[in-house]
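Residue-level listing of the chains:
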Amino acid sequence: MKNTKITIIISIIFLSACQAGLSSLAPTPTLSPVPSPTPPPAFNAERAFEDLQHQLTFGPRTPSSPGHARMLVWLEAELLRAGWDVTIQEDVQMGHTVHNVVARRGVGDAPILLGEPILLGAHYDTRLHADHDPSPGERDEPVPGANDGASGVAVLLELARVLPAGKSPNVWLVFFDAEDNGQIEGWDWILGSRAFVENLEISPKAVVIVDMIGDADLNIHKERNSTPALQDEIWNQAAELGYDEYFLSTPKYSMLDDHTPFLQAGIPAVDIIDFDYPYWHTAEDALDKVSAHSLGVVGDTLLAWLLGGR
Ligand SMILES: [Zn+2]
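Being a predicted model, the structure only gives us computed values, none of them experimental.

Peer 1: Explain the overall build of the protein chain to me, please; I cannot follow it from the model alone.
Peer 2: Check the secondary structure of the protein chain and you find eight helices and eight strands. The buried share of the protein chain, taken over its 310 residues, is 41%.

Peer 1: Teacher, can you tell me more about the packing of helix α2 (residues 45–57) against helix α8 (residues 292–307) here?
Peer 2: Axis angle and axis distance: for two packed helices, these are the angle between their axes and the distance between the axes, and together they describe the pair. The interhelical angle for the contact between α2 and α8, taken along N-to-C directions, is 115 degrees, at an axis separation of 8 Å. Between α2 and α8 lies a crossing of right-handed hand. Contact residues: A45, E46, A48, F49 and L52 in α2; A292, H293, L295, G296 and G299 in α8. Partitioning the contact of α2 with α8 into residue classes produces six nonpolar, three polar and one charged.

Peer 1: Hey, could you run me through the nonpolar core in this one?
Peer 2: Across soluble globular proteins, you tend to see nonpolar side chains buried next to one another. Residues V155, L156 and V208 are the most contacted members of the largest nonpolar core, which totals 70 residues. With sequence-adjacent residues up to four places away left out, V155 is seen in contact with A48, A122, V210, I213, L295, V298 and G299.

Peer 1: What is the right way to read the pairing of strand β4 (residues 171–176) from this model?
Peer 2: A regular strand places its side chains so that they alternate between the two faces of the sheet. Within β4, five of the six residues are buried, which leaves the element mostly enclosed by the surrounding structure. Note that strand β2 (residues 96–104) and β4 share three bridges and pair antiparallel. Residue pairing across strands places V102 opposite V174, the latter belonging to β4. Inspection of the sheet shows strand β3 (residues 118–123) paired to β4 by six bridges, in the parallel sense. The residue bridging H123 from the neighbouring strand is F176, located in β4.

Peer 1: How should I be thinking about the confidence of the model for the protein chain in this particular structure?
Peer 2: Detailed reading of the predicted coordinates is not advisable wherever pLDDT is low. Confidence in the prediction of the protein chain, expressed as mean pLDDT, is 89, and 85% of residues score 70 or more. Low pLDDT, under 50, characterises residues 1–24; the predicted model gives this stretch zero contacts beyond four residues in sequence or across chains.

Peer 1: Before we go on, may I ask you to explain helix α6 (residues 228–240) in this structure?
Peer 2: Because each turn of an α-helix spans 3.6 residues, side chains separated by three or four positions end up pointing in the same direction. With 13 residues, α6 extends 18 Å from end C-alpha to end C-alpha; this agrees with the ideal 18 Å at 1.5 Å per step. When we look at burial in α6, the residues that qualify are Q231, I234, W235, Q237 and A238. On an axial view of α6, the arc spanned by its buried residues comes to 155 degrees, and they lie on one face. Positive backbone phi, at 85 degrees, marks G242, one or two positions downstream of α6.

Peer 1: Please clarify how the environment of E116 should be interpreted in this entry.
Peer 2: Position of E116 relative to the elements: it lies in the loop between β2 and β3. Judged by C-beta crowding, with 15 C-beta atoms within 10 Å, E116 ranks as partly exposed. Linking E116 and N170, residues 54 residues apart in sequence, is a C-alpha distance of 6.9 Å.

Peer 1: I keep staring at the sheet that holds β2 and nothing clicks. Help me out?
Peer 2: Remark on secondary structure: sheet strands pair via backbone hydrogen bonds, oriented parallel or antiparallel. Within the open sheet, the six strands sit side by side as β1-β2-β4-β3-β5-β8. Their pairing is mixed. Pairing within the sheet leaves two strands with one partner each, and these edge strands are β1 (85–93) and β8 (269–273). Each strand of the sheet is rotated relative to its neighbour by a mean of 20 degrees, with strand direction disregarded.

Peer 1: What's the story with helix α3 (residues 66–81) in this structure? I'm lost.
Peer 2: Between its terminal C-alpha atoms α3 stretches 23 Å, which fits the 22 Å expected from 16 residues at 1.5 Å a residue. Burial in α3 covers these residues: H68, M71, L75 and L79. Along α3, the residues classed as buried sweep out an arc of 50 degrees about the axis, all on the same side. Away from the buried face of α3 by more than 90 degrees, exposed residues P66, V73, A77 and R81 are located. Looking at the buried positions of α3, the neighbouring elements they touch are α2, β1, β2, α4 (150–162) and β4. Phi turns positive one or two residues past the end of α3, at G83, with a value near 90 degrees.

Peer 1: Just to check I follow, could you spell out the pairing of β3 for this structure?
Peer 2: The buried count for β3 comes to six of six residues, which makes it a mostly enclosed element. Pairing between β3 and strand β5 (residues 206–211): four bridges, direction parallel. Counterpart to I118 in the pairing with β5 is A206.

Peer 1: Hey, could you run me through the environment of D148 in this one?
Peer 2: By the element assignment, D148 lies in the loop between β3 and α4. In the structure, D148 is positioned 132 residues away from W280 in sequence and 7.2 Å away in space, judged by C-alpha atoms.

Peer 1: What is the right way to read the packing of α4 against α8 from this model?
Peer 2: The N-to-C vectors of α4 and α8 enclose an angle of 45 degrees; their axes lie 10 Å apart at closest approach. Considering the angle they form, α4 stands oblique to α8. As α4 packs across α8, the resulting crossing turns out to be right-handed. On the side of α4, the interface is formed by S151, A154, V155, E158, L159 and V162, while α8 contributes L295, V298, G299, L302 and L303. By residue class, the composition of the contact of α4 with α8 is eight nonpolar, two polar and one charged.

Peer 1: Where do I start with the environment of G67 in this structure?
Peer 2: Within the element layout of this structure, G67 appears in helix α3. When the C-alpha positions of G67 and D125 are compared, they lie 9.4 Å apart, and in sequence the two are 58 residues distant. Leaving out residues up to four positions away in the same chain, G67 has contacts with F58, G59, P60 and R61.

Criteria and cut-off values
Residues numbered from 1 in each chain as written. Predicted model: local features only at pLDDT ≥ 70, side-chain atom pairs only at ≥ 80, totals over all residues. Helix = DSSP H or I, 4+ residues; strand = E, 2+ residues; numbered from the N terminus. Buried ≥ 20, exposed ≤ 12 C-beta atoms within 10 Å, placed from the backbone. Axes fitted to C-alpha atoms, helices over the stretch in contact; angles between N-to-C directions. Left-handed = near helix turned anticlockwise from the far one by under 90°. Contact = placed C-beta atoms within 7 Å. Nonpolar A, V, L, I, M, F, W, Y, C, P; charged D, E, K, R; others polar. Core = buried A, V, L, I, M, F, W, Y, C linked by C-beta atoms within 7 Å. Pairing = 2+ DSSP bridges. pLDDT = per-residue confidence, 0-100. Expected span 1.5 Å × (residues − 1). Arc of directions from axis to C-beta. Parallel < 35°, antiparallel > 145°, perpendicular 65-115°, else oblique.

This is how it looks when you write it as structure tokens:
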């Protein structure tokens, strides 16, 4: 009995020792990182609105002005910071030097391999004269361009930040110069986009222009010259997101805009523009007429359209 008791005690001690030994040999349990799903890219309308405001701090971005020069420096820096390759395309149109800012990704890896690009474009210049202003004293002044200039740029810049890199579609972001001086002596409309199309080496499969899309009272009718099938894709995308009160299915205006040279070259192109804007080419095209929400409506739509297998 005695021995047995001792044996049991020894066994227990031995077992405990073994368990202690085993547990010291066993891998220390660690908190294994559970791969968290990457959140889907989201368009940040407030950040886009900050970009719109920032452009207004430069003053008018009319060709050859100090504001235009500062705009170019800032735009290039922001695009580089977002991981894009940037080329400033210089050309002369009607005796004016124009500078288009072209942002692409993977330029070093032969972009043709990434497939024909989808080009998103906006003009970054502002108009020399507010000649539609009701007050004659304002008509020689430059347009502030909160909507007509800064809004399209703000949407494209935010897309530059949130579009995932290394995935299709192959997107080019092009910021056109000298869009907005038509009907002014020595100038015409769309000089930057004309220069761009004249120098095109690869044809984009689709071109989407955004212009005047920051209006706080947003009504984007279907522009009549745009390629219908491409336009329907974008309008359907907007409707899917519940934005059909802003992207209206009724056609309204026929615009001469940066989509025009592409259409003339046989390239499908759409102009997303809200031309129901009473402050067009007036000194009132200012910050109080635009909204982050409107930038978000257009930005969300384009992002979803691009990510939806376009
Ligand atoms: Zn304009």
